[in-house]
Amino acid sequence: MSRLVVKSHRPWQFALAVIFLSTFFAVLTWLALEHSHWSSIRDRNRLGENYKRMLEINKELEQENQRLYEKVLTLEQTIRLDKQTASLLQDELAAQQDEIHQLRGELEFYQGIMEAARDTEGLNIYGIHITPLSAERSFLLRLVLTHVVKGDKVAQGRLRVVVEGSEKDGSLRRYALDELGVEAEPELQFEFKNFKRIERHLTLPSGFEPRRVFVTIQPKGSNQSTISKVFEWPAVTT
């Protein structure tokens, strides 16, 4: 004779189990996100005064950019109102637009320095930017060094820049700064706290096609290692 077994159905126990597990995993997720959040805050605070200085530079460039942009708008309105002076104002407008373009490039350049400062400590060669000038085969070279350390320690040392390329006959040739410009020197002395921008005018010899730029810095002190970087010429001129 078969027996009829009666089991109690308790759906509330299953619901409580689901709620408990959901709460448990939610707390674990929250703790993981909270830990990541505080880790990020600690990393940012570690930059200290160096990062604040970069923010100040960024703010100043943005203000200057806004000022020039408003000036351009004013000039455009003046052109529409006074057709007799349109040609003169258009020339000035073009000059202002070139200046804005240059300032935007500098703003992006300094923002890149800020990003690099977050990940790199000590003395470093951040990068170079080469701009063609109006004179034939003439360029403006801008080199930026960064120094991210705790406290007010000053970076000192010597800098050397060499441009490598090919001559007309295909032979490889290297030129130091003193061979490419009257104001250049074979080695440049530097002394700064947070970052330093060095500008030099270069004039390339006829028939010489640049390929790479070698930058070497020798920090002051016998226990300091030499820092060297190589930059491709097409990359730094864009």
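Since we're looking at a predicted model, the values are computed, not measured.

Colleague: Is there a simple way to think about unusual backbone geometry in this case?
Modeller: Among all residues save glycine, negative phi is the norm, and among peptide bonds the norm is trans. In this structure, R137 takes a positive phi of about 60° despite not being glycine. The residue R137 is located in the loop between strand 1 (122-132) and strand 2 (138-148) in this model.

Colleague: In this structure, what is going on with the packing of aromatic side chains? I would like to understand it.
Modeller: What describes a pair of aromatic rings is the distance from one ring centre to the other and the angle between the planes of the rings. All chains considered together, the criterion is met by 3 aromatic pairs. With a centroid separation of 5.3 Å and an interplanar angle of 90°, the aromatic rings of F139 and W233 are classed as edge-to-face. Of this pair, F139 sits in strand 2 while W233 sits in helix 3 (residues 233-236), and the two are 94 residues apart along the sequence. Given a relative accessible area of 14%, F139 falls into the buried group. Exposure remark for W233: the relative accessible area of 7% places this residue in the buried category. Aromatic pair F190 and F192: ring centres 5.8 Å apart, planes at 50°, arrangement tilted. When its relative accessible area of 4% is taken as the criterion, F190 is described as buried. A relative accessible area of 7% places F192 in the buried class.

Colleague: Just to check I follow, could you spell out the pattern of salt bridges for this structure?
Modeller: Where charged atoms from two side chains of opposite charge approach closely, those side chains can pair. In the structure shown here, the tally under the stated rule is 6 salt bridges. For E199, the salt bridge goes to R197, with nearest N and O atoms at 3.3 Å. We classify E199 as partly exposed; its relative accessible area is 33%. Given the relative accessible area of 30%, R197 is considered partly exposed. The network of salt bridges with common partners includes E164, R174 and R212.

Parameters at a glance
- Residues numbered from 1 in each chain as written.
- Predicted model: local features only at pLDDT ≥ 70, side-chain atom pairs only at ≥ 80, totals over all residues.
- Heavy atoms only, no water.
- Helix = DSSP H or I, 4+ residues; strand = E, 2+ residues; numbered from the N terminus.
- Phe/Tyr/Trp six-rings, centres within 6.5 Å; stacked < 30°, edge-to-face > 60°.
- Buried < 20%, exposed > 50% of the residue type's maximum accessible area, 1.4 Å probe, protein only.
- Salt bridge = Lys/Arg side-chain N within 4 Å of Asp/Glu carboxyl O.

Distances and angles like these do not, on their own, reveal function.
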